[in-house]
Amino acid sequence: MTNIFVAANRMERTGRLIDTRFDMINLDSGRKLYEEGHIEGAVYWDLNTDLSDLTKEEGRHPLPEKKKLQDLFEKHGLNYNDAIYIYDQGAAAFATRAWWILHYAGFKHAYVVNGGFEALKEAGFPVTTEVPVFKESKLDLQWNDDILIKRQDIRHIIDGKRNGTLIDARAPERYRGETEPFDKVAGHIPTAKNYDWEQLRNGSELVITSSLLEQIPKDEEVIVYCGSGVTATPVYTVLKEAGYENIKIYMAGYSDWVNHHSVEK
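Residues numbered from 1 in each chain as written. Predicted model: local features only at pLDDT ≥ 70, side-chain atom pairs only at ≥ 80, totals over all residues. Heavy atoms only, no water.

A.B. asks: Quick question: what am I supposed to make of helix α1 (residues 29–36) here?
C.D. replies: Residue pairs three or four apart in sequence face the same way in an α-helix, which turns once every 3.6 residues. Every buried residue belonging to α1 is among Ser29, Gly30 and Tyr34, and all of these are buried. Down the axis of α1, the sector holding all buried residues measures 140°, keeping them to one side. Away from its buried face, by an angle of more than 90 degrees, α1 presents the exposed residues Glu35 and Glu36. Looking at the buried residues of α1, the elements they touch are β2 (16–19), β3 (38–39) and β4 (42–44). (Buried < 20%, exposed > 50% of the residue type's maximum accessible area, 1.4 Å probe, protein only. Helix = DSSP H or I, 4+ residues; strand = E, 2+ residues; numbered from the N terminus. Arc of directions from axis to C-beta. Contact = heavy atoms within 4.5 Å.)

A.B. asks: I would appreciate a short explanation of the layout of surface pockets in the present structure.
C.D. replies: Rolled over the atoms, a probe with the dimensions of a water molecule shows which regions are left empty. A volume near 570 Å³ is recorded for the largest pocket. Of the residues assigned to the lining of the largest pocket, the class counts are 14 nonpolar, five polar and six charged. (1 Å grid on protein atoms, 1.4 Å probe; cavity = no way out; pocket = protein on both sides within 12 Å on 5 of 7 lines; lining within 4 Å. Points joined across faces, edges and corners; volume = space filled by probe spheres on them. Nonpolar A, V, L, I, M, F, W, Y, C, P; charged D, E, K, R; others polar.)

A.B. asks: How should I be thinking about the pairing of strand β8 (residues 165–168) in this particular structure?
C.D. replies: For a regular strand, the rule is simple: side chains alternate between the two faces of the sheet. Burial of the side chains of β8 extends over both faces: Thr165 and Ile167 are buried on one face and Leu166 and Asp168 on the other. Sheet analysis places β8 next to strand β12 (residues 222–225), joined by four bridges and oriented parallel. By the bridge assignment, Thr165 is partnered in β12 with Val222. (Pairing = 2+ DSSP bridges.)

A.B. asks: I tried to follow the nonpolar core on my own but got confused; where do I start?
C.D. replies: One recurring pattern in soluble globular proteins: nonpolar side chains tend to sit buried together. Trp45, Phe73, Trp100, Leu102, Phe107 and Leu239 are the most contacted members of the largest nonpolar core, which totals 59 residues. Of all the elements in the fold, those that place two or more residues in this core are β4, α2 (66–75), β5 (84–87), α3 (94–104), β6 (110–114), β12, α8 (232–241) and β13 (247–249). Looking at this core, the element that brings in the most residues is α3, giving eight residues. Beyond its immediate stretch of four places on either side in the chain, Leu239 contacts Leu212, Ile216, Val222, Val224, Tyr244 and Ile247. (Core = buried A, V, L, I, M, F, W, Y, C linked by side-chain atoms within 4.5 Å.)

Pasting the structure below:
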């Protein structure tokens, strides 16, 4: 197994911290929480403005271009040799989204703090309203392009031109096409299996579950998607923690697929 998730009381106190708290309904709440109090030394990454590029049309939370992501990393002074600890409110999908992006960019020492902000406070990390400033870095990034899959690759799997297992991380009723609160068509991408990411939640932590391991094979390519590339990341990250190697994300997700192809129910 790898070591992605870390308990707050086992962290290096000299590591870099990233606060990713967010709320899909109250879009400003995460930043407000950060301004009201965050772990000392933490910078804030917002799902919509930092970890997505809403000017693009590839789904509801499009992945930013590499240049924009590199600017984000360098602005906050990140380096490849840093231990980077990412937290959200605990058992959410925002720290894992940030972790996946850092993993995509080649960072090898990034971790998700299980338990989130409250666990860090309980472990004795001081809380402050002071916003830290770091000297900008200069990075030569080695991108992991092979963990990102595009719409045409999904089409090849459906058509039998490429082997792979599609995993839909959304709620079962959305997968079955009974309801769809966000996208214009209800259902799922053809041939996909369903594993609701919320089954990975155990209190304020994300955990490896036997039901996930039993459903997803290790001996073939696994592609995880959700509505817009946010809640797919807990499934991806937990699989990676469990030792799966051949896993990818369709980051544009279902919200991109329905604009171009038909679905199943």
